[in-house]
There are 2 protein chains.
Amino acid sequence: MLIVKKFGGSSVANKDRLFNVAGIIAESYQQGNGVVVVVSAQGDTTDDLIAKAAEINESPSKREMDVLLSTGEQISTALLAMALEKLGYPVVSLTGWQAGFYTDSNHGNSRIKKITAERVEKELDKKNIVIVAGFQGLNKYDDITTLGRGGSDTSAVALAVVLHADVCQIYTDVDGVYTADPRIVKDAKKLDEITFDEMLELASLGANVLHNRSVEMAKKYNVNLEVLSSLEKKPGTMVKEVTSVEKMLIKGVARDNDVTRLSIIGVPDVPGIAFKIFSVLASKKVDVDIILQSIGREGTKDISFTVKRDNKQTAVSVLNDALATIGGKELVCDDNVSKVSIVGSGMQSNPGVAAKMFEALYEANINIQMISTSEIKISVLIERDLADRAVNVLHNKFLGE
Amino acid sequence: MLIVKKFGGSSVANKDRLFNVAGIIAESYQQGNGVVVVVSAQGDTTDDLIAKAAEINESPSKREMDVLLSTGEQISTALLAMALEKLGYPVVSLTGWQAGFYTDSNHGNSRIKKITAERVEKELDKKNIVIVAGFQGLNKYDDITTLGRGGSDTSAVALAVVLHADVCQIYTDVDGVYTADPRIVKDAKKLDEITFDEMLELASLGANVLHNRSVEMAKKYNVNLEVLSSLEKKPGTMVKEVTSVEKMLIKGVARDNDVTRLSIIGVPDVPGIAFKIFSVLASKKVDVDIILQSIGREGTKDISFTVKRDNKQTAVSVLNDALATIGGKELVCDDNVSKVSIVGSGMQSNPGVAAKMFEALYEANINIQMISTSEIKISVLIERDLADRAVNVLHNKFLGE
């Protein structure tokens, strides 16, 4: 079998962890598998590098930031290779560009355009274990790019695609995908299987298990994806197109604190306002999530929406500039919010799910500020302090014994 | 003018130093010069990375070591670029491979084979300040290599050669080349000029100002080289082919503690012994410096020589293996030695220099263990504890008021 394994930053954070990971890799290699490994930067390396940059320049160019941050993964690959050398295995480390990752030029959040995997294949032919720096690539100008946070998952899945790997195993510090964050919900249960679509909703809803671009790519190319623990030796959660028949109405409850609500108060109740607001945000690459538009009164209305906290400053500055053009009175921000969501393919054929969710929140006296739904998920925006309780209440309602 | 500037690790060690360097670069750029900058890794970064590797594997492959160490310079280039961005200058950082450095495959101590400087030239055409990671390149397999310690000087001179730069300025924490290390000799004087040959002898004799490969290259291609301070704004020392006429008999006194003496006792006094010893050392790339062979007595003789301390382990292990073949009785090491040297083109036409040197050491009651001479230098091996005194005594004799 050809296996792509991905280890995150905490899995390679120190000497013991590196040798633990080296042991996992060695075992798989000894079973006769071809093994390609994608690693992230060690522990807090990326944060340390960001702090180092901030000391010099609070708004450095994204190009130079990528030059800086890409060193984190390069260090990990070299150290992991050294650990495998120490154990006596043939191994070679490759940077993103050596592994043939080509991306677009959107520094800091690039997308992979193609992978020319000749070098990786050549090393596999030589029976080498191949350690690849995740999260990074090269644009058409031969400048170093990074895929954005969590991009190593995407690197791993993309490599699995071009190498036609039999499975892509994403190792984390949890042993799989849970029905809720076990730190929040005591009796959260591990799922044996989950569909790509469910995983996508969970990833983008803050479940923090897999980077959602990696799941999208796995779905598109139908890569067998497994989420498992680097610390405990047991099966993880398989992510696949269709899961075996089961009666679970929902698969999980997710909480996302990385969210800010913005409201533009008193915009004219005329056509084209929403277009103006969201095109100006799109021009700055600010993704908007839940949108709520009030009913017009006295010729004006309010428009509220959520953005990621990272994008708050950009959104506020661009909207303040545009406020006159839009004709709005005031821009209001609220950071004290969380998005709580339930996810499950099962809800498609069960119309009562939303009502059941709202009932549970009502019983717990939790006020819903905004609502957003898709085929397989329902999200509500609530006060942040109530989020953990909301997750527990919903988990108990849908997934309790 | 097109200027290549090189800044060492201590010159970019922290935020203040980085902005100090950025200021020097900016001033030169504002004067209308094209500026290419080569930087080393910050402060102790390289040592920290070496320690990190040692924790994992006490003898990692040199290939992986290069992958690891090359990140140090990459971090420096990004941070320096960010500092220049902060000051409002157009700037771009380039890794060794982006700057087109191609080397042989001798990982850890590679030699530059060629530089394809198109990218650097393109950035200069765009009026960008170009920051290049020193010390690193790429071999023909597209693997990252490093030039060995101090290789950033060589990177800078090599870039100056291919770019036909008007001058290559090497910034250090001293303001030029001195007649002796000012930490050892109080009244050491700064030299305005020194020849390549003199500088070469001083560099290889432990003066620690310029990496000797960089001086060799500057001599070969007649690059105008200047050594100057990154901390004080004043002229440094120009290194050139011929210095203006002056009456200085010698230019400097150097001390080198990075030396170990090895002696092979009781080898047969027959032809071919020296060949055997030094070819076995050469096969392990151990450079031998001063060599002393005793007069044969009772059919045996002793052979002593010095090697760099880094090479001691390699030399000892290869010689112990070869001891039987060579027919020697015993291998003896002595670390408690220093090499003290006087250097100057002036001594070529002044036969009394050696006598004057030995007289000064005799007057100070310092015993000479070994002697080595070249056209423009005389070195003696003495007990390490006496080295600083020897330097002072010689400086006073030749360069005192």
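Residues numbered from 1 in each chain as written. Chains lettered and ligands numbered in written order. Predicted model: local features only at pLDDT ≥ 70, side-chain atom pairs only at ≥ 80, totals over all residues.

Bringing the overall build of chain A into the picture now. Of the regular secondary structure elements, chain A holds 11 helices and 20 strands. Expected size for 401 residues packed as a compact globule is a radius of gyration near 21 Å; at 23 Å, chain A falls within 12% of this value. (Helix = DSSP H or I, 4+ residues; strand = E, 2+ residues; numbered from the N terminus. Rg over C-alpha atoms; globule rule 2.2 N^0.38 Å.)

Take the sheet that holds strand β14 (residues 260-268) of chain B next. All names here are of chain B. Taken in spatial order, the 4 strands of this open sheet run β15-β16-β14-β17, and their pairing is antiparallel. Among the strands making up the open sheet, the edge pair consists of β15 (288-293) and β17 (330-334). Neighbour-to-neighbour, the strand axes of the sheet open up by a mean angle of 20°, direction not taken into account. One ladder, built from 4 bridges, connects β15 with strand β16 (residues 300-307); its direction is antiparallel. Of the residues in β16, the one forming a bridge with Gln293 is Ile303. Strand contacts of helix α9 (residues 312-326): β14, β16 and β17, with the helix running at about 160° to β17, the strand carrying the most contacts. (Pairing = 2+ DSSP bridges. Axes fitted to C-alpha atoms, helices over the stretch in contact; angles between N-to-C directions. Contact = placed C-beta atoms within 7 Å.)

It is worth spelling out the pairing of strand β11 (residues 225-229) of chain B at this point. Direction of pairing for strand β9 (residues 167-172) of chain B relative to β11(B): parallel, over a ladder of 5 bridges. Each bridged residue has a counterpart across the sheet, and for B:Gln169 the counterpart in β11(B) is B:Glu226.

Attention shifts here to the relation of the copies chain A and chain B. Once chain A is rotated about the relating axis by 179° and shifted along it by 0.1 Å, it coincides with chain B to within an RMSD of 0.1 Å. Look at the turn and shift together and you get a two-fold axis relating the two. No C-alpha of chain A lies nearer the rotation axis than that of A:Thr71, which sits 2.8 Å from it. Here 100% of the contact residues of chain A are again contact residues in chain B; the copies associate through an equivalent surface. (Least-squares fit on C-alpha atoms with pLDDT ≥ 70 in both.)

A common way to report how large an interface is uses the accessible area buried once the components associate. Residue-level contacts link 26 residues of chain A with 26 residues of chain B. Of all the elements in the fold, those that place two or more residues in the side of chain A that touches chain B are α1 (15-30), α2 (45-56) and α3 (62-86) of chain A. In terms of residues, the side of chain A that touches chain B owes the most to one element, α3(A), which gives 14 residues. Across the side of chain A that touches chain B, the residue classes tally to 12 nonpolar, 7 polar and 7 charged. (Nonpolar A, V, L, I, M, F, W, Y, C, P; charged D, E, K, R; others polar.)

Our focus in this paragraph is the confidence of the model for chain A. Looking at chain A as a whole, the pLDDT averages 91, with 98% of positions reaching at least 70. Under the prediction, the complex receives an ipTM of 0.79, its pTM being 0.80. (pLDDT = per-residue confidence, 0-100.)

Looking now at the packing of α2(A) against α3(A). Residue and element names in this part refer to chain A. Close contact between α2 and α3 brings their axes to 9 Å; oriented N to C, the two are set at 150°. Considering their axes alone, α2 and α3 lie roughly antiparallel with respect to each other. Our pair here, α2 against α3, has a crossing hand that is right-handed. Seen from α2, the contacting residues are Thr45, Thr46, Leu49 and Ala53; seen from α3, they are Met65, Leu68, Leu69, Gly72 and Ile75. Class assignment for the residues of the contact of α2 with α3 results in 6 nonpolar, 3 polar and no charged. (Parallel < 35°, antiparallel > 145°, perpendicular 65-115°, else oblique. Left-handed = near helix turned anticlockwise from the far one by under 90°.)

Residue and element names in this part refer to chain B. In space, the 8 strands of this open sheet follow the order β3-β6-β2-β1-β9-β11-β12-β10, with mixed pairing throughout. The open sheet terminates on both sides in strands that have one partner only, identified here as β3 (91-94) and β10 (193-195). Neighbour-to-neighbour, the strand axes of this sheet turn through a mean angle of 20°, independent of strand direction. Helix α4 (residues 118-125) rests against β2 (34-39), β3 and β6 (129-133) of the sheet, and its axis sits at about 155° to β6.

Counting residues in each nonpolar core, the largest one holds 237 residues, and the members touching the most others are A:Val37, A:Leu80, A:Val132, B:Val37, B:Leu80 and B:Val132. Aside from chain neighbours lying at most four places away, what touches B:Val132 is B:Val36, B:Val37, B:Val38, B:Thr77, B:Leu94, B:Ala99, B:Val120, B:Ser155 and B:Leu159. (Core = buried A, V, L, I, M, F, W, Y, C linked by C-beta atoms within 7 Å. Buried ≥ 20, exposed ≤ 12 C-beta atoms within 10 Å, placed from the backbone.)

This part is about the pairing of strand β6 (residues 129-133) of chain A. Residue and element names in this part refer to chain A. Most of β6 sits inside the fold, with 5 of its 5 residues counted as buried. Alternating residues of β6 divide into Ile129, Ile131 and Ala133 and Val130 and Val132, and every residue in both groups is buried. Sheet analysis places strand β2 (residues 34-39) next to β6, joined by 4 bridges and oriented parallel. Each bridged residue has a counterpart across the sheet, and for Val39 the counterpart in β6 is Ala133. Direction of pairing for strand β3 (residues 91-94) relative to β6: parallel, over a ladder of 4 bridges. Its bridge partner lying in β6, Val91 is registered against Ile129.

All names here are of chain B. When you line up the elements, Glu123 lands in helix α4. Distance from Glu123 to Glu198, taken between C-alpha atoms, is 36 Å for residues 75 residues apart in sequence. For Glu123, the contacting residues outside a window of four places in its chain are Val92, Asn128 and Val130.

Let us look at the packing of helix α5 (residues 151-162) of chain A against helix α7 (residues 212-221) of chain A. All names here are of chain A. As a packed pair, α5 and α7 sit with axes 8 Å apart at the nearest point and diverge in direction by 15°. In terms of orientation, α5 lies roughly parallel with respect to α7. In this structure, α5 meets α7 at a crossing whose hand is left-handed. Only Arg213, Ser214, Met217, Ala218 and Tyr221 of α7 make contact with α5, whose side of the interface consists of Asp153, Thr154, Ala156, Val157, Ala158 and Val161. When its residues are assigned to classes, the contact of α5 with α7 shows 7 nonpolar, 2 polar and 2 charged.

Attention now goes to the environment of B:Ile326. All names here are of chain B. Mapped onto the secondary structure, Ile326 falls in helix α9. Classification of Ile326 by C-beta neighbours within 10 Å gives partly exposed; the count is 19. Separated by 53 residues in sequence, Ile326 and Ile273 have C-alpha atoms that sit 6.5 Å apart. Ignoring any residue separated from it by four or fewer positions in sequence, one finds Ile326 in contact with Ile264, Val267, Ile273, Lys276 and Ile277.

Glancing now at unusual backbone geometry. Excluding glycine, a negative phi dihedral is what most residues carry, and trans is how most peptide bonds are arranged. All names here are of chain B. Even without glycine at this site, Phe135 takes up a positive phi of about 80°. Classification of Phe135 by C-beta neighbours within 10 Å gives buried; the count is 31. A positive phi is found at Asp142, a non-glycine position, where the angle reads about 65°. Structurally, the position occupied by Asp142 is in the loop between β7 (136-138) and β8 (144-146).

Another point: the environment of A:Val120. Residues and elements named next belong to chain A. When you line up the elements, Val120 lands in helix α4 (residues 118-125). Overall, Val120 belongs to the buried group, with 24 C-beta atoms counted inside 10 Å. Put simply, Val120 and Leu159 are 39 residues apart on the chain and 9.4 Å apart in space, counted from C-alpha to C-alpha. Ignoring anything within four residues of it in the chain, the contact list for Val120 reads Val36, Leu94, Ala99, Gly100, Val130, Val132 and Leu163.

Compared with the 22 Å implied by 1.5 Å per residue over 16 residues, the 22 Å span of α1(A) between its first and last C-alpha is a close match. Among the residues of α1(A), A:Arg17, A:Leu18, A:Val21, A:Ala22, A:Ile24, A:Ile25 and A:Tyr29 are the ones counted as buried. Axial view of α1(A): buried residues confined to an arc of 160°, hence all on one face. For α1(A), the exposed residues lying more than 90 degrees away from the buried face are A:Asp16, A:Glu27 and A:Gln30. Buried residues along α1(A) sit against β1 (2-7), β2, α3 and β6 of chain A together with α2 (45-56) of chain B. Note on α1(A): the residue one or two positions beyond its end, A:Gly32, has a positive phi of about 95°. (Expected span 1.5 Å × (residues − 1). Arc of directions from axis to C-beta.)

So, about helix α11 (residues 387-399) of chain B. All names here are of chain B. The end-to-end C-alpha distance of α11 is 17 Å, a good match for the 18 Å that 13 residues give at a rise of 1.5 Å each. Turning to α11, its buried residues are Ala387, Ala390, Val391, Val393, Leu394, His395, Phe398 and Leu399. Along its buried surface, α11 packs onto β13 (252-256), β18 (337-343), α10 (353-363) and β20 (377-383).

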